[in-house]
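Structural description and commentary
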Amino acid sequence: MKYKKRLAVIVFCMMTMLLAACGVEKEGSLLENASTKVPSQKGSGLEVQFLDIGQGDSILLTSEGKTMLVDAGNNEYGNGLVSYLKERNIDKIDYLIGTHPDADHIGGLDVVINKLDIGKIYMPKKQNNTKTFEDVLTAISRKGLKVTAPKVGDTISLGSATVTILGPMKSYDDNNNCSIVLKVTHGDNSFLLMGDAELEAEEDIIESGADLSATVLKAGHHGSHSSTSQSLLKKVNPTYAVISCALDNKYGHPHKETMTYFKRANVEVYRTDKQKTITMESDGKKIVTTTGGASIASSKTNSNYSANTKAPVKKPGTNKKASYIGNVISKKFHIPACSSLPKKENQVSFASRQEAIKEGYDACGRCNP
Ligand SMILES: [Zn+2]
Ligand SMILES: [Zn+2]
């Protein structure tokens, strides 16, 4: 017995020396279980990654080994997203949020649910009559999980950060307005994640009297002018804004007005279409931002998956296939043959009338589209 004890002490000392020699900082976790995978995020910090997932949203938050994923981009990036997470030793998502049932936010959720360990799932009480939405529900029920509806004012503890649910304040006809809006607080820093919430929902959140001030604003609806009102911007008063969208997307996101508002308010803007994955690390006092991170939208992992899904619509600088052409300045839309088309740099294309109207464009009085 004595001998065994001494042996244990010697082994322990040797292990400690070995770890010290390796320069391992997190010896506590390593001694517990040498094979435990530790997410890349270390210490008591918060890491927020705005993933480059093309025209859509996916935001990964990690703190003290806890993970939250807000949205999962379009269908065709589901596999790429899972590879991205696994490469970073993330096998479990403690909190999975589907902000609202639009394909560019929940498209990849089914793959994430199928392939990773999932803690809690939050989605608003809003149905969508699409296969994408059905796929998500099927994945949820297959795993025996249940959906938690967001309750305004509720908080979620994520490592050393606190996530507060600020919206939706009520149910809306429009999917975007139903977006779950989250404020992530970490020491002196905070991140306001707006989903696709548009002006009406923004107004209701402002009226709720919630503290909207934040260091970083993830602009609503990919920087569309249908979101980020001046009054919201004033309340949030961010130092940084992040816009998640694809390069040359057919909606013209981010819209000029939104960019002008940010410029006037002296907000430094980061964009996933130009800077790929954007990582912000908070130590509770300052935020260190790194751009140019791995792009899921252009990852090869997606190619073998996209065979049975619709390929992303890429329209590099041409409007030839557009059914309707919008003017980003006047907010009118036209048929491509209209005699009063805007200048090329002010054009945005729409596949349908509905899409143009949804983006807040009015029909041109001349060509009557
Ligand atoms: Zn949406
Ligand atoms: Zn969206």
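Residues numbered from 1 in each chain as written. Chains lettered and ligands numbered in written order. Predicted model: local features only at pLDDT ≥ 70, side-chain atom pairs only at ≥ 80, totals over all residues.

Quick look at the overall build of the chain
Looking only at helices and strands, the chain features 11 helices and 19 strands. Considering the chain as a whole, with its 369 residues, one finds that 45% of them fall into the buried category. Partitioning the intrachain contacts of the chain with sequence separation of at least 6 by distance along the chain shows that 67% fall at a separation of at least 24. (Helix = DSSP H or I, 4+ residues; strand = E, 2+ residues; numbered from the N terminus. Buried ≥ 20, exposed ≤ 12 C-beta atoms within 10 Å, placed from the backbone. Contact = placed C-beta atoms within 7 Å.)

Quick word on the sheet that holds strand 11 (residues 216-218)
An order of 7-8-9-10-11-12-13 is seen for the seven strands of this open sheet, with the pairing classed as mixed. One side of each edge strand has no neighbouring strand; the edge strands of this open sheet are strand 7 (155-158) and strand 13 (268-271). Averaged over all neighbouring strand pairs, the angle between strand axes comes to 20 degrees, with direction disregarded. Sheet analysis places strand 8 (residues 161-167) next to strand 9 (residues 181-186), joined by five bridges and oriented antiparallel. Looking at strand 9, one finds that Val163 is bridged to Val184. (Pairing = 2+ DSSP bridges. Axes fitted to C-alpha atoms, helices over the stretch in contact; angles between N-to-C directions.)

Quick notes on the nonpolar core
Ranked by internal contacts, the top residues of the largest apolar core, which has 70 residues, are Leu69, Leu81, Val112 and Leu193. The contacts of Leu69, once residues within four sequence positions are left out, are Ser58, Leu60, Ile93, Leu96, Ile97 and Val112. Tyr324, Phe350, Ala356 and Tyr361 belong to the second largest nonpolar core, which has seven residues in total. (Core = buried A, V, L, I, M, F, W, Y, C linked by C-beta atoms within 7 Å.)

Some thoughts on the environment of Cys178
Positionally, Cys178 belongs in the loop between strand 8 and strand 9. Look at Cys178 and you get buried, because 26 C-beta atoms sit within 10 Å. Placed 18 residues apart in sequence, Cys178 and Asp196 show a C-alpha to C-alpha distance of 8.3 Å.

Observations regarding helix 9 (residues 256-264)
Of the residues making up helix 9, those classed as buried are Thr258, Tyr261 and Phe262. End-on view of helix 9: buried residues confined to an arc of 95 degrees, all on one side of the axis. Facing away from the buried side of helix 9 by over 90 degrees, the exposed positions are Thr260, Lys263 and Arg264. (Arc of directions from axis to C-beta.)

Description of unusual backbone geometry
Between Gly167 and the following residue, Pro168, the backbone shows a cis peptide bond with an omega angle of 5 degrees. By the element assignment, Pro168 lies in the loop between strand 8 and strand 9. A cis amide bond links His253 to the next residue, Pro254, at an omega of -5 degrees. Not every positive phi belongs to a glycine, and Asn368 is a case in point at roughly 45 degrees. Turning to its location among the elements, Asn368 is positioned in the segment after strand 19 (362-363). A residue is classified by how many C-beta atoms lie within 10 Å of it, and Asn368, with 9 of them, is exposed.

Here's the deal with the environment of Ser208
Here Ser208 is to be found in the loop between helix 7 (199-207) and strand 11. Taking the C-alpha atoms as reference points, Ser208 and Val152, separated by 56 residues in sequence, lie 9.8 Å from one another.

Considerations on the sheet that holds strand 3 (residues 66-70)
Pairing is mixed across the open sheet formed by eight strands, whose spatial order is 6-5-4-3-2-1-14-15. Unpaired on one side and paired on the other, strand 6 (147-148) and strand 15 (287-293) mark the two borders of the sheet. Summarising the sheet, strand 4 (residues 92-97) and strand 5 (residues 117-122) pair through five bridges and their orientation is parallel. Residue pairing in the sheet places Ile93 in a bridge with Ile118 of strand 5.

Considering the confidence of the model for the chain
Confidence in the prediction of the chain, expressed as mean pLDDT, is 86, and 82% of residues score 70 or more. Confidence drops under pLDDT 50 across residues 9-41; counting only partners more than four residues distant or on other chains, this segment forms 22 contacts. The model gives residues 303-320 a pLDDT under 50, and that stretch makes 20 contacts with residues more than four places away or in other chains. (pLDDT = per-residue confidence, 0-100.)

Observations concerning the environment of Lys66
Counting through the fold element by element, Lys66 comes out in strand 3. Between the C-alpha atoms of Lys66 and Tyr95, which are 29 residues apart in sequence, the distance is 8.6 Å. Sequence-distant contacts of Lys66, defined by excluding residues within four places in its chain, comprise Asp94, Leu158 and Gly159.

A few points about helix 3 (residues 78-87)
Counting buried positions over the 10 residues of helix 3 gives seven, a clear majority of the element. Turning to helix 3, its buried residues are Gly78, Asn79, Gly80, Leu81, Val82, Tyr84 and Leu85. Its buried side turned inward, helix 3 meets helix 5 (109-115). Downstream of helix 3 by one or two residues, Asn89 has phi in the positive range, about 60 degrees.

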